Amino acid sequence: MRVLIQGGRVVDPSRNLDDRLEVLIENGRVLDLVPPGGEGDFGQGAEIIRAEGLVVTPGLIDMHVHLREPGHEYKETITSGAAAAAAGGFTGVVAMPNTQPVNDNRSVTDFILAQAEKAGLARVYPVSAMTMGLAGEALCEYGEQAEAGAVAVSDDGNPVSDGQIFRRVLEYLKAFGLPALCHSEDLRLSAHGVMNEGRVSCRLGLAGIPAAAEQGGVFRDVMLAELTGARVHLCHISTAGSVEIVRRAKARGIDVTAETAPHYFTLTEEAVVGYRTEAKMNPPLRTQADLEAVRQGLSDGTLDAVATDHAPHSVLEKEIEFDQAAFGVVGLETALPLTLALVRDKVLTLSQAIAALSTHPARILNLPGGTLAPGSVADVTLIDLDRKWTVEADKFRSLSRNTPFEGWKVQGRAAMTLLAGRPVAL
Amino acid sequence: MEFRHKDLLGLEELTAEEIEYILDQAEGFREISERPIKKVPTLRGKTVVLFFYEPSTRTRTSFDVAAKRLSADTFSLAGSTSSIVKGETLADTARNLEAMKPDAIILRHSSSGAPHLLAGLVRSSVINAGDGTHEHPTQGLLDMLTMRQIKGRLEGLKVAIIGDIAHSRVARSNMIGLGKMGAEVRVSGPPTMLPIGLEEAYEARVFLRPEEAIEGADVVMMLRVQMERAKAPLFPGLREYSRLYGLNAKRLNLAAPDAIVMHPGPMNRGVEISPEVADGPRSVILDQVTNGVAVRMALLYILIGGEREA
């Protein structure tokens, strides 16, 4: 089966490409990229996809999502999460293990992959738990998990607090080449905090989470990356201090990578005013200075990736008292326009934005995709940079509506995603 | 003036003029409690729900007395008797309450912002009777009424608030209200009880030594030490707290000669306040209680009294 994407502007950060090219796809793989009209007789019998006015990029990969299945299917299922991914322009999502049961053994990884296969809307890459039951005590069987298809390990929101155990996790992990995805936080310092600590938390009478809780965690994880030589990836960086720690770690040659989320470069703690639970997440929204440091970190490459930390919750967890409400926001269907806003703000080039949303996540996790190089898997996203639209959570493919961006007028939207050369039908 | 708010969620939402208006109205209502027949028909036929998630005797009683002196019908819903223990959410309980058509819901809740959530869900007027560590606006108002009554003004008044500022909704409402009315607020307490962001959040000066805050003050307000609120060790113990931060005659002597002593109650005698100060001539603690009823009558009248007719 042949597909020809015609008339678009190809932006492929993996090869520094930004040009008018036609993308030839055969049997689910990229065959070649050729100048307009230069496809020879390839077009014969090929399905033509018109991409005039669109940007053609490697399929976007969200390296941090929570799909809630198994266990919390009322918030999200693998199918609805994959549909949300496709609607948002993502062809791949990396699914965190904090399901019920926890993904700490092969049967759960197998189940997730089977469900994703059935849905057929996006590639779903399971993440194995670091420790059994996310309890921070016993190691999981990373070897078998990797064989089954897990692409990384993480205890996500329950970071392993015991330094000795965490060290052993990182050392043992080296045998499998999997990165550790670290939600870096000193949980005892965050204690019962529910938002960023500072002027706003003081005024709202809400218990604060100091920036130091994240930074202490980031610093420890960076130090253990240096000690063990394991591949440490730092999740959802939200503070200026964390950006600085990562910058220095990289300058020192420590093998760390890092991501941030669109809400950290778009919103500040002010979004919480009015006890808005849809602006409650962990790490919390920070200050303007932090927001600017995160933008700078993305711009100078300190932060490698933009990941959403897509965390669906229902009204049961959100239409309640702020301090009782669950942490987390959905992000799959708003990440692309929010990241493209950084391009319009001249923080990132378009190529940098696509790298953060595709090429870098693929490299960090050693995933197929992230490139349109000949021979690579033909996961492709077609983006309309000019499309202006209004965020309406009611229209989300996700089962959950917990977005702080409801009603926002945004620009830029995925027009289509292709999975192995096949347009994804939504 | 026209009071345009459906609810009283905090002093944060009010202007200086609106605060002044409530205090003026309260002056008028204070007199009713001095009459032999302490009841007027102003709110006859109105229903006031006292919805208390947290145990509270004095605030609930004060609201109850205020509503009854205005002839409103009151119903109490306490944490132990309502659906709260059955796991019903605040939103569900609120909608159920709303279906019974109350005119006002007085809410005391352990979560900051709970009244804001409730106010968005019901048409009744919601009065915040204390939410978590956020605000206790009627306490702030009654404190200001007391200060104004005795000192004749709020503007320029030097008010020292001593104690656990971080966990005190009384302190927050006073800092906000007094700030709006042009008073000079000084706060002090153990550094573990002074929240990060305090000076940026309020027009209040922070002192590490209580003596510095009290010096020359017109009002010294002592906060209750709430051992149960502290989820981390905030100080070594009551003995040292009392020694370093408690208000005794010696510390009080640093204040202005005619300074008054306030406390929102209930007091820990011998901890944050010594008995001789609490019962001494400068203590206005019982005036605060009397004014509490007047302020709450005024608020109920303003919020659900309909046409002006005192």
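Residues numbered from 1 in each chain as written. Chains lettered and ligands numbered in written order. Predicted model: local features only at pLDDT ≥ 70, side-chain atom pairs only at ≥ 80, totals over all residues. Heavy atoms only, no water.

**Here we look at the overall build of chain B**
Tallying secondary structure elements over chain B gives 12 helices and 9 strands in all. Dimensions of chain B along its principal axes, counting C-alpha atoms only, are 55 × 45 × 35 Å. Buried residues in chain B amount to 61% of all 310 residues. Restricting the contact set of chain B to residue pairs at least 6 apart, pairs at least 24 apart contribute 73%. Accessible area for chain B stands at about 12800 Å²; split by element, carbon and sulfur atoms hold 51% of it. (Helix = DSSP H or I, 4+ residues; strand = E, 2+ residues; numbered from the N terminus. Buried < 20%, exposed > 50% of the residue type's maximum accessible area, 1.4 Å probe, protein only. Contact = heavy atoms within 4.5 Å. Areas by Shrake-Rupley, 256 points an atom, 1.4 Å probe, with all protein chains shown as cover.)

**A word on the packing of aromatic side chains**
Residue and element names in this part refer to chain B. Per the stated rule, a full pass over the model turns up 9 aromatic pairs over all chains. Look at F51 and Y53: their rings are 5.0 Å apart centre to centre, the planes differ by 50 degrees, and that puts the pair in the tilted class. For the residue pair F51 and Y53, the accessibility class agrees, reading buried in each case. Considering the side-chain rings of F235 and Y241, the 5.3 Å spacing of their centres and the 50 degrees angle between planes classify their relative orientation as tilted. (Phe/Tyr/Trp six-rings, centres within 6.5 Å; stacked < 30°, edge-to-face > 60°.)

**Thoughts on the packing of helix α5 (residues 137–151) of chain B against helix α6 (residues 169–180) of chain B**
Residue and element names in this part refer to chain B. Packing of α5 against α6 brings their axes to within 8 Å, and their N-to-C directions diverge by 55 degrees. Compared by their axis directions, α5 and α6 come out oblique. The crossing of α5 and α6 is right-handed. Facing P137, Q139, G140, D143, M144 and M147 of α5, the residues of α6 in contact are V170, S173, N174, G177 and L178. Of the residues assigned to the contact of α5 with α6, the class counts are 5 nonpolar, 5 polar and 1 charged. (Axes fitted to C-alpha atoms, helices over the stretch in contact; angles between N-to-C directions. Parallel < 35°, antiparallel > 145°, perpendicular 65-115°, else oblique. Left-handed = near helix turned anticlockwise from the far one by under 90°. Nonpolar A, V, L, I, M, F, W, Y, C, P; charged D, E, K, R; others polar.)

**Looking at the domain arrangement of chain A**
Residue and element names in this part refer to chain A. The domain architecture assigned to chain A consists of domain 1 (2–55 + 377–423) and domain 2 (60–67 + 130–365). Computed from C-alpha coordinates alone, the two centres of domain 1 and domain 2 are separated by 28 Å. With 26 residues of domain 1 at the interface, the matching set in domain 2 holds 28 residues. By the criterion of area lost to domain 2, the three top residues of domain 1 are P13, N402 and F405, representing 28% of everything that side buries. Where domain 1 touches domain 2, the interface holds 0 salt bridges. With 5 residues, strand β19 (residues 409–419) is the single largest residue contributor to the side of domain 1 that touches domain 2. Residues of the side of domain 1 that touches domain 2, tallied by class, amount to 13 nonpolar, 8 polar and 5 charged. (Domains from an automatic or database assignment. Buried area = accessible area lost by both parts, 1.4 Å probe. Salt bridge = Lys/Arg side-chain N within 4 Å of Asp/Glu carboxyl O.)

**Notes on the confidence of the model for chain B**
Model confidence for chain B is summarised by a mean pLDDT of 92, while 95% of its residues fall at 70 or above. This prediction of the complex comes with two scores: 0.94 for pTM and 0.93 for ipTM. (pLDDT = per-residue confidence, 0-100.)

**A few points about helix α9 (residues 288–299) of chain A**
All names here are of chain A. Compared with an ideal rise of 1.5 Å per residue, which puts 12 residues at 16 Å, α9 spans 16 Å between its outermost C-alpha atoms and is within 8% of the ideal. Those residues of α9 not exposed but buried are D290, L291, A293, V294, R295, G297 and L298. Where α9 terminates, the next one or two residues include G301, which has phi positive at roughly 85 degrees. (Expected span 1.5 Å × (residues − 1).)

**Description of the sheet that holds strand β4 (residues 125–131) of chain B**
Residue and element names in this part refer to chain B. Strand order across the open sheet formed by 4 strands is β2-β1-β3-β4, with parallel pairing between neighbours. Each of the sheet's edge strands pairs with one partner strand only, and the pair in question is β2 (73–78) and β4. Neighbour-to-neighbour, the strand axes of the sheet open up by a mean angle of 15 degrees, direction not taken into account. Two elements, strand β3 (residues 104–109) and β4, share 5 bridges in a ladder whose sense is parallel. Bridge pairing in β4 places I105 opposite V126. On top of the sheet, helix α2 (residues 58–69) reaches β1 (47–52), β2, β3 and β4; it is set at about 180 degrees to β1, its chief contact. Taken strand by strand, helix α12 (residues 285–304) contacts β1, β3 and β4, and its axis lies near 150 degrees from that of β4. (Pairing = 2+ DSSP bridges.)

**Some words on the pairing of strand β8 (residues 60–65) of chain A**
For a regular strand, the rule is simple: side chains alternate between the two faces of the sheet. Residue and element names in this part refer to chain A. Summarising burial for β8: 6 of the 6 residues are buried, a large majority. Here β8 runs beside strand β9 (residues 90–95); their pairing, made up of 4 bridges, is parallel. From the neighbouring strand, D62 faces β9, where its bridge partner is V93. The parallel pair β8 and β9, bridged by helix α1 (residues 78–87), forms a crossover whose chirality is right-handed. (Right-handed = clockwise from strand over helix to strand, strands pointing away.)

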